[in-house]
Amino acid sequence: MTAVRVAVLASGGGTNLQALLDALADSPLARVTRVITNRAEAGALERARRRGVPTAVLKHPDDAAELLAALGDAQLVVLAGYLKLVPASVVARFRDRMINIHPALLPDFGGPGMYGHRVHEAVLASGARESGVTVHFVDEAFDRGAIIAQARVPVEAGDTPDTLAARVLDAEHRLLPEVVLELAKRIR
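Since this is a predicted model, take the numbers as computed values, not measurements.

1. Quick look at the pairing of strand 2 (residues 30-37)
- Sheet topology note: the strand 1 (residues 4-10)/strand 2 ladder contains 7 bridges and is parallel. Residue A10 lies in a different strand from strand 2, and its bridge partner there is T37.
- Bridging between strand 2 and strand 3 (residues 55-57) involves 3 bridges; their strand directions are parallel. Bridge pairing links T37 to V57 in strand 3.
- The β-α-β motif built from strand 2, the intervening helix 2 (residues 43-50) and the parallel element strand 3 has right-handed crossover chirality.

And the structure:
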């Protein structure tokens with residue numbers, strides 16, 4: 001059997017992409033076969049190039065036809081720090097085969113504009129005693145698709161957005177590859 005072809009969409013540095021590249025490097029179940037971004041300066045592009053993974057930069061991220069062409073023959077799509085809303089027709093094409101990772105325990109601290117430090121600042125301002133990471137299916141709204149898995153991280157006394165973000169990111173790097181491998185088993 002051939003490995004499930006995974007396309008990763010990223011807008012930033014690509015640390016979750018790197019976690020996937022490392023975890024799937026020798027996997028017979030899944031392989032990152034393309035990386036797509038909406039930003040030509042995204043660090044994820046260099047991470048992909050170092051591994052010989054084809055890349056694409058979208059000129060119009062809201063253009064469904066352009067995104068579908070970039071996704072090509074992907075069987076599973078992973079949004080890993082991708083900050084654009086995926087067009088509804090693309091979501092429909094990859095229903096239950098498109099996932100996102102979010103740096104909080106959804107349904108709290110999600111939605112439009114809730115990414116990066118904004119999430120961690122909101123968690124700390126709320127007085128929450130724990131945060132974490134959520135992997136969920138993508139639907140037509142930001143951070144509202146069915147939850148697949150979560151990992152919890154304690155909020156510690158004296159936490160700053162940076163210290164909390166570091167613990168959450170460690171959890172992201174562990175959880176995302178696990179979910180991708182589990183979904184790949186179902187897709188095969």
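Still to come is the rest of the account.
2. Describing the packing of helix 1 (residues 15-24) against helix 2
- Viewed as axis vectors pointing N to C, helix 1 and helix 2 meet at an angle of 20°, and their least axial separation amounts to 9 Å. With respect to helix 2, the axis of helix 1 lies roughly parallel. Our pair here, helix 1 against helix 2, has a crossing hand that is right-handed. When helix 1 is examined against helix 2, the residues T15, L17, Q18 and L21 are found in contact with a partner set consisting of A44, R47, A48 and R50.
- Partitioning the contact of helix 1 with helix 2 into residue classes produces 4 nonpolar, 2 polar and 2 charged.

About the cut-offs
- Residues numbered from 1 in each chain as written.
- Predicted model: local features only at pLDDT ≥ 70, side-chain atom pairs only at ≥ 80, totals over all residues.
- Heavy atoms only, no water.
- Pairing = 2+ DSSP bridges.
- Helix = DSSP H or I, 4+ residues; strand = E, 2+ residues; numbered from the N terminus.
- Right-handed = clockwise from strand over helix to strand, strands pointing away.
- Axes fitted to C-alpha atoms, helices over the stretch in contact; angles between N-to-C directions.
- Parallel < 35°, antiparallel > 145°, perpendicular 65-115°, else oblique.
- Left-handed = near helix turned anticlockwise from the far one by under 90°.
- Contact = heavy atoms within 4.5 Å.
- Nonpolar A, V, L, I, M, F, W, Y, C, P; charged D, E, K, R; others polar.

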